[in-house]
Amino acid sequence: DRRRRPGLLSLAHPGALPGTADSEAGVLAAEREEALKKALAGLPPAQRMAIVLFHLEGLSVVETARLLEVGAKAAESLLSRGRRALRERLAGFLD
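Basis of the calculations
Residues numbered from 1 in each chain as written. Predicted model: local features only at pLDDT ≥ 70, side-chain atom pairs only at ≥ 80, totals over all residues. Heavy atoms only, no water. Axes fitted to C-alpha atoms, helices over the stretch in contact; angles between N-to-C directions. Helix = DSSP H or I, 4+ residues; strand = E, 2+ residues; numbered from the N terminus. Parallel < 35°, antiparallel > 145°, perpendicular 65-115°, else oblique. Contact = heavy atoms within 4.5 Å. Nonpolar A, V, L, I, M, F, W, Y, C, P; charged D, E, K, R; others polar. pLDDT = per-residue confidence, 0-100.

Looking at the packing of helix α3 (residues 61-68) against helix α4 (residues 72-89)
And step 1. Two elements in contact, α3 and α4, have axes whose closest approach is 8 Å; the angle formed by their N-to-C orientations is 100°. Accordingly, the angle class assigned to the pair α3 and α4 is roughly perpendicular. Across from V61, A65 and L68 in α3, the residues of α4 making contact are A72, A75, E76, L78 and L79.
And step 2. Tallied by class, residues from the contact of α3 with α4 come to seven nonpolar, no polar and one charged.

What about the confidence of the model for the protein chain?
And step 1. Of all residues in the protein chain, 75% have pLDDT values of 70 or greater, and the mean over the chain is 81.
And step 2. Looking over the protein chain, one finds the lowest element-wise mean pLDDT in helix α1 (residues 21-41), namely 84, and the highest in α3, namely 97.

Put into structure tokens, the structure is as follows:
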């Protein structure tokens, strides 16, 4: 006899099993991710790209600067200002 396979769970939040304490953690993680996306979208384009390239793509400051066609010091400045703006926008989630 054939058995039905259980339904697939979302891989976005692997710990979030319905009806468990982990499901609340999954919901909170989804809310944080959505807030981060909105905060990133609100940054000026150069700051957003610097943050994405450096923090999300894992590039070095020099590589980030080269792709943005700016000097390394300018890339560091973009990263600093972008981080500051993100901290301000996400203050409620960092508590």
